[in-house]
Amino acid sequence: MKKILCILLSLCVAAGVASLTACGENKNKNATVYDVLAIYEPDERTVTGTVDLNFYNSTDNELSDLKFNLYGNAFREDATYKPVSKTYENKAYYAGKSYGAMDITGVENCAGWTVGGEDENILIVNLTEPVYPEERVKVTVSYTLTLAQVNHRTGVTQKTVNLGNFYPVLCAYTREGFMECPYYYCGDPFVSECANYNVTLDYPTEYVVASSGKTVSESEANGRKKSVYKLDDARDFAFVLSKDFQVLTENADGVEVKYYYLNDNNAQTSLSAAVQSLKYFSATFGKYAYPTLSVVQTGFCYGGMEFPALTMIAAGLDSDSNVYTIVHENAHQWWYAMVGSDQMNNAWQDEGLAEYSTLMFFENNPTYGFTRTGIVNSATNAYRAYFTVYSQLKGEVNTSMTRNLKEYSGEFEYNNVTYNKGLIMFDMLRKSVGDEKFVAGLKHYFETNRGKIASADDLCGCFIKGGTDLEGFFKSFLEGKVLI
């Protein structure tokens, strides 16, 4: 995710997530499969539907329960963890405070179910029989999502409907069991394994839909439209709906890139940035895995947000910020969608790498006006200013990069530690090993971890194994001992 605050400021310890292959290559017969039905009713601001989950046990353990993250419950009035900080409340709640919820209305093919977790954010499904390694089990979850009026990942904005995290999402399985993800406002509190998706959206015909998946079929009746989408090897699935979208389309090496925009006087430039960055990242890191990419201008209180094959870009950004955010969010298709990480405990691993990948793109495409020196200097100055402010206020500064999202004091600290310090670390690493080894390390990281949840050690190891003694380098940055 790209936060506006970060844009303004900035113009090796594994966290216990096993590197499990959830689906690997396309059409993997061992993939977990989601068949999702979602029915959107604008008057009620609700999405009702079902998730038919065909779960493949890729773990080494027999499982008696399945756990699902209910991200929509973060928008309850009585939620313990608010989805929006005080800093962003006015930008998020454009019509005053508004609330939503995710209600589970039933679960089939199970022995029982409950909603629990730290913040009523987890659905626990008790299986009728244990599912053993390399076996499958099917359950059906019925749900109703009530949408808040909010410029956020999930909500009704002034001109759009953002449907990120709109269905119960299976928790990733780690060494400690299923990983529960409370919805902290700092960062992206999502850790998911890859799966194959078949999604049906039922909605009024006046809406134009931007989707993570490729359209398989469409039908219309009685003023409503039913569209079916497919997406394989994806960590999640998202939509954005609007009655006001304009759409530009371009083919990028066989990928259909669509730019859905509301008000952009430089729409062709925005589309070109999306297309060129997709081509650059594919050539530099590894081939883009999905048949489509939707870049979507929408109501959003931060700069942008990534989902597999779909990125949300905040409406109202100036031209430079819009282009920068598009490129940053596209980089997340590599460092989040295709190669996952533990965003709860190592947010630098995808944000810092996405930010540095953005730098690499602009360095190789100077017509956009961003330079490597300018981006690095801006990040360094912002980080030093943060360090100075916190030193004066608190007497000491925690600059550790390996910590839970809950431990950050707010967006200012989070942005500087994950985005800015992450970018600085990767630039210093590149200077230490040279361009050739640096790019080779990132290619190796992509090739060996695509479809997995990579640990911090997996990333660091791709450079350490290259023959350079970098253990001390990574340790000094990640533990907060390095002076910048």
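Report on the accompanying structure. (Residues numbered from 1 in each chain as written. Predicted model: local features only at pLDDT ≥ 70, side-chain atom pairs only at ≥ 80, totals over all residues. Heavy atoms only, no water.)

1. Notes on the layout of surface pockets
Okay, so step 1: Each pocket or cavity is described by its volume, and for the largest pocket that value is around 270 Å³.
Okay, so step 2: Forming the boundary of the largest pocket are 18 residues, of which Val209, Thr215, Tyr229, Lys258 and Tyr260 lie nearest the centre.
Okay, so step 3: Ranked by the residues each element gives to the lining of the largest pocket, the list is headed by strand 14 (residues 208-211), at 4 residues.
Okay, so step 4: Among the residues making up the lining of the largest pocket, the classes are represented as 8 nonpolar, 5 polar and 5 charged. (1 Å grid on protein atoms, 1.4 Å probe; cavity = no way out; pocket = protein on both sides within 12 Å on 5 of 7 lines; lining within 4 Å. Points joined across faces, edges and corners; volume = space filled by probe spheres on them. Helix = DSSP H or I, 4+ residues; strand = E, 2+ residues; numbered from the N terminus. Nonpolar A, V, L, I, M, F, W, Y, C, P; charged D, E, K, R; others polar.)

2. Quick notes on the packing of helix 7 (residues 372-394) against helix 8 (residues 411-433)
Okay, so step 1: For the pair helix 7 and helix 8, the least separation of the axes is 9 Å and the interaxial angle reads 135°. Relative to helix 8, the element helix 7 lies oblique. Note on packing geometry: the crossing formed by helix 7 with helix 8 is left-handed. In this structure, helix 7 contributes Arg372, Ile375, Val376, Ala379, Thr380, Ala382, Tyr383, Tyr386 and Tyr390 to the contact, and helix 8 contributes Phe412, Glu413, Asn416, Val417, Asn420, Lys421, Leu423, Ile424, Asp427, Arg430 and Lys431.
Okay, so step 2: Residue composition of the contact of helix 7 with helix 8, by class: 11 nonpolar, 3 polar and 6 charged. (Axes fitted to C-alpha atoms, helices over the stretch in contact; angles between N-to-C directions. Parallel < 35°, antiparallel > 145°, perpendicular 65-115°, else oblique. Left-handed = near helix turned anticlockwise from the far one by under 90°. Contact = heavy atoms within 4.5 Å.)

3. Focus: the sheet that holds strand 4 (residues 101-108)
For sheets, the rule is that strands pair by backbone hydrogen bonds, running either parallel or antiparallel.
Okay, so step 1: The 7 strands are arranged 4-7-2-1-13-16-15 in an open sheet whose pairing can be described as mixed. Of all the strands in the sheet, the pair left with one neighbour each is strand 4 and strand 15 (214-221). Across the sheet, the axes of successive neighbouring strands diverge by a mean angle of 15°, strand direction being ignored.
Okay, so step 2: Relative to strand 7 (residues 136-146), strand 2 (residues 46-56) runs antiparallel, the two sharing 11 bridges. Note that in strand 7 the partner of Thr50 across the bridge is Ser142. (Pairing = 2+ DSSP bridges.)

4. Focus: empty space enclosed by the protein
Okay, so step 1: Of the volumes computed, that of the largest cavity is approximately 180 Å³.
Okay, so step 2: Within the residue set of the lining of the largest cavity, elements represented by two or more residues are strand 2, strand 10 (169-170) and strand 13 (195-204).
Okay, so step 3: Its residues assigned to classes, the lining of the largest cavity shows 12 nonpolar, 6 polar and 2 charged.
Okay, so step 4: The calculated volume of the second largest cavity comes to roughly 50 Å³.
Okay, so step 5: The wall of the second largest cavity is formed by Leu70, Tyr71, Asn73, Ala74, Asp119, Asn121, Cys181, Pro182 and Tyr183.

5. Observations concerning unusual backbone geometry
Okay, so step 1: Despite not being glycine, Asn109 shows a phi value in the positive range, around 65°.
Okay, so step 2: Mapped onto the secondary structure, Asn109 falls in the loop between strand 4 and strand 5 (112-116).
Okay, so step 3: Even without glycine at this site, Glu134 takes up a positive phi of about 70°.
Okay, so step 4: Inspection of the secondary structure puts Glu134 in the loop between strand 6 (122-131) and strand 7.

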